[in-house]
Every structure is written in C-alpha cells, then in structure tokens.
Amino acid sequence: MKIAITGASRGIGRTIATTLAAPGRHLHLHARRAESLAEVASEAQQRGAEVTVHGAELSDKEQVRRLAEAFGRLDLLVNNAGVGGHEKYAWETSPEELEETLAVNLLAPLILTSAAISYAEDQGVRIVDLSSGSAVTDTEKSADYWISKTALMRLGGCIDKAGRERGVKIFEIAPGVVATDMTAAMRAHDGRTEWTSATEIADIIEAVATGELDALAGCHMRAGTDTLAELRARAARGVGSEERRLRLTPWAD
Ligand code: NAP
C-alpha cells in the first residue's frame, strides 16, 4: 500500500506517520525540508515500512506540482500539512494574508488531490483531509483559517459527489484540539488543559486506510467526539447522503 502524508515532520502528521507505518506499506513523508523528517522516517522504518522523504514548500504551486509527481500513484493521500492563519478579525485580514493561508490549507490539497485522482485512473484512491471544527463554525478571530477549512470541506464534498463512481473516497477528519506547535501559537488556546490525543485521529485514519470506514466517505468526522468504535458501527449501518455534510441549517421554528 502506497501512502503519502504531508506535514509529517511534527505534530499530528508525525503521529499519523508512525501509526500507519507497517510492513508492506511504502510511506511518502513530506515536510518543508526533507532533513526534518529524519527521526520520523527512522521510526517508521523500524516499524517495518519502506519510507521516502520529500521536501516542498506548499505555498509554492510549482513545488506542490513536483511533489505530486514524486508521489505518483497512491492508495491513500493524507492532506495534513496546514498553517494556523492570522489571529485577526475578518475585516483586519489583508487579501495577502488570506492568500497565504489558502495557498497551504486549500490550494496545495487541491493540487495533490487532483494528481492523486488522475494517477489512480479508474482504480480508486482514498484521500483524507485534516479538517477542523472551524470548517463548520463561525469565529471572531483567525477568519482566514476558518475560511480555508470550510473551503477544504466543500472541496471534499464536491470531490465526493463527482468522484464516487470512479472509486474516489474522500474523508474530512477533524482532530479535536491537539497540543502541537500550531495550537501553542494560538492565543485562543492559552490556559487550555483538555487536549485530544493525536493517536485518536491517527487510529481513525488507519481504519480509513484499511477500507473499514469506506461507507463514511464524504462525511465530516471528529476525533475526540466520534470514537473509532462509533464510526465503525455507523459505517456498518450505512449513512444517508445528507449526514455530516456542509449544509444550510434550518430555521429554529
Ligand atoms: P503543526 O504542529 O504546526 O505541524 C504542521 C506541519 O505542516 C509540519 O509538518 C510542517 O512542516 C507542515 N507545514 C506547515 N506549513 C507548511 C508549508 N508552508 N509548506 C510545507 N509544509 C508545511 O500542525 P498540527 O497542529 O499538527 O496540524 C496538522 C493539521 O491538523 C493541520 O492541517 C491543522 O489545520 C489541522 N488541525 C489541527 C488541530 C490541532 O488541534 N492541532 C485542530 C484542527 C485542525 P515543517 O516542519 O517543515 O514546518
């Protein structure tokens, strides 16, 4: 099984990489600089995986296209790398700041996902987007980040609708709130004592890799709220096409 994980050098991506590492799997691990992947690559190899490391700046579309070519045909793409955006009100956020955030959080996943679908031809591919509670809520600060995650989820919905028949299965999975460099830099999390463990989302992604959660393709899931046992049970029961999607909320009465 050939798996690519962006942003695997630290934080959630690193835990996903070590959790998915197993004999018979070839992991393509990405970070800005390939050298920063040395430790996670060695841990993944000790767990029996074959590993290739890649360096690419995801705000640079040409570098992302070259990364997609280097990944080639994949069984699973995990769009994990992301930036936290700017902690400002929407009206204080400059177009340049929004562009910066969208480049990494939306356009890079779009390029990588498009390439993965194209390489898969009609053989199918699984894709995981690291979503967020911010995809489905409003915010006061960090509007650029919230916008990027909502747009990523809508992109996932469009890909699910158009790609199902050719075997594309895309999953929008939010990690809860995990203690990482990203959350440490966000004042919104100052003083927080309750965190989600990164292994919770990594275990859900492992279940995606094996196909156990295929019935939940197109849905939004959230580690820390949705347990793996609940997701497995829900996948076995099946879900409707309107469940856990980005939709307009009804009037209250
Ligand atoms: P993190 O600790 O800040 O790690 C970010 C990863 O992304 C690193 O591997 C970093 O690589 C890579 N990356 C960042 N900017 C990049 C760029 N411009 N080009 C290439 N690679 C870049 O983040 P995290 O908290 O683990 O978050 C991982 C994902 O989960 C993100 O998509 C985030 O939005 C999402 N998420 C996280 C939380 C949370 O509670 N932590 C909550 C909701 C959603 P380098 O080491 O090379 O910089």
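The structure under discussion appears in the preceding block.
Before going into details, it helps to say that this report is about the structure given with it. (Residues numbered from 1 in each chain as written. Predicted model: local features only at pLDDT ≥ 70, side-chain atom pairs only at ≥ 80, totals over all residues. Heavy atoms only, no water.)

1. Observations concerning the pairing of strand β1 (residues 2-5)
What counts is decided by this rule: In this analysis, strands are considered paired if DSSP registers two or more bridges between them. Working definition: helices are DSSP H or I runs of at least four residues, strands are E runs of at least two. Numbering for both runs from the N terminus. The handedness rule is simple: strands pointing away from the viewer, and a clockwise path from the first strand over the helix to the second, make the crossover right-handed.
Across 4 bridges, the pairing between β1 and strand β2 (residues 26-31) is parallel. For I3, the partnering residue across the bridge sits in β2 and is L27. Running through helix α1 (residues 11-20), the crossover from β1 to the neighbouring parallel element β2 is right-handed. Of the strand pairs in this sheet, β1 and strand β4 (residues 76-79) are connected by 3 bridges, and their pairing is parallel. Across the sheet, residue A4 finds its bridge partner in β4, namely L77.

2. Observations concerning the pattern of salt bridges
Stated formally: By definition here, a salt bridge exists when the distance from a side-chain nitrogen of Lys or Arg to a carboxyl oxygen of Asp or Glu is within 4 Å. Accessibility here uses a 1.4 Å probe with only protein chains present; expressed as a share of the type maximum, an area under 20% marks a residue as buried, one over 50% as exposed, and anything in between as partly exposed.
Overall, the coordinates contain 17 salt bridges when judged by the stated rule. For the salt bridge of R14 with E39, the shortest nitrogen-to-oxygen distance reads 3.4 Å. With R14 in helix α1 and E39 in helix α2 (residues 38-46), this pair connects stretches of sequence that are 25 residues apart. One salt bridge connects E87 with R187, and the closest N-O pair in it is separated by 3.7 Å. Here E87 is found in the loop between β4 and α4 (95-120), whereas its partner R187 is found in the loop between α6 (181-184) and α7 (198-209), with 100 residues between them in sequence. On the basis of relative accessible area, R187 is assigned to the exposed category, the value being 55%. Salt bridges here are not isolated pairs; linked through shared partners, they connect R14, E39, E43 and R47.

3. Observations concerning the nonpolar core
Just so we agree on the cut-off: Definition of nonpolar core: a set of buried residues of the types Ala, Val, Leu, Ile, Met, Phe, Trp, Tyr and Cys, connected through side-chain atoms within 4.5 Å. Two residues qualify as a contact provided that any one of their heavy atoms is within 4.5 Å of a heavy atom in the partner residue.
Core analysis: the largest hydrophobic core is formed by 40 residues, its most contacted members being I16, L29, L76, V128, I173, I205 and L213. Ranked by residues supplied to this core, first place goes to α7 with 8 residues. Every residue in contact with L213, bar those within four places of it in the chain, is listed here: F171, I204, A207, V208, M221, L228, L231, R232 and A235.

4. Some details on the packing of aromatic side chains
In this description, an aromatic ring pair is defined by two values, namely the gap between the centres and the angle between the planes. Short version of the rule: Any pair of Phe, Tyr and Trp rings, taking the six-membered ring for Trp, is counted once the centres come within 6.5 Å. Such a pair is stacked with planes under 30 degrees apart, edge-to-face with planes over 60 apart, and tilted for the rest. Placement of a charge over a ring requires the Lys NZ or Arg CZ to be within 6 Å of the ring centre, with the centre-to-atom vector within 35 degrees of the ring normal.
In the structure shown here, the tally under the stated rule is 2 aromatic pairs. Between the aromatic rings of Y89 and W91, the centroid separation amounts to 4.8 Å while the plane-to-plane angle is 10°, which identifies the pairing as stacked. Taken together, a centroid distance of 5.9 Å and an interplanar angle of 70° make the contact between Y145 and W146 edge-to-face. Relative accessible area serves as the criterion here: at 9%, Y145 is assigned to the buried category. The partly exposed category is assigned to W146, whose relative accessible area is 22%. Above the face of the Y89 ring, K141 is positioned so that its terminal group lies 4.9 Å from the ring centre. Geometry around W195 places R192 over its ring, the cationic atom sitting 5.7 Å from the centre.

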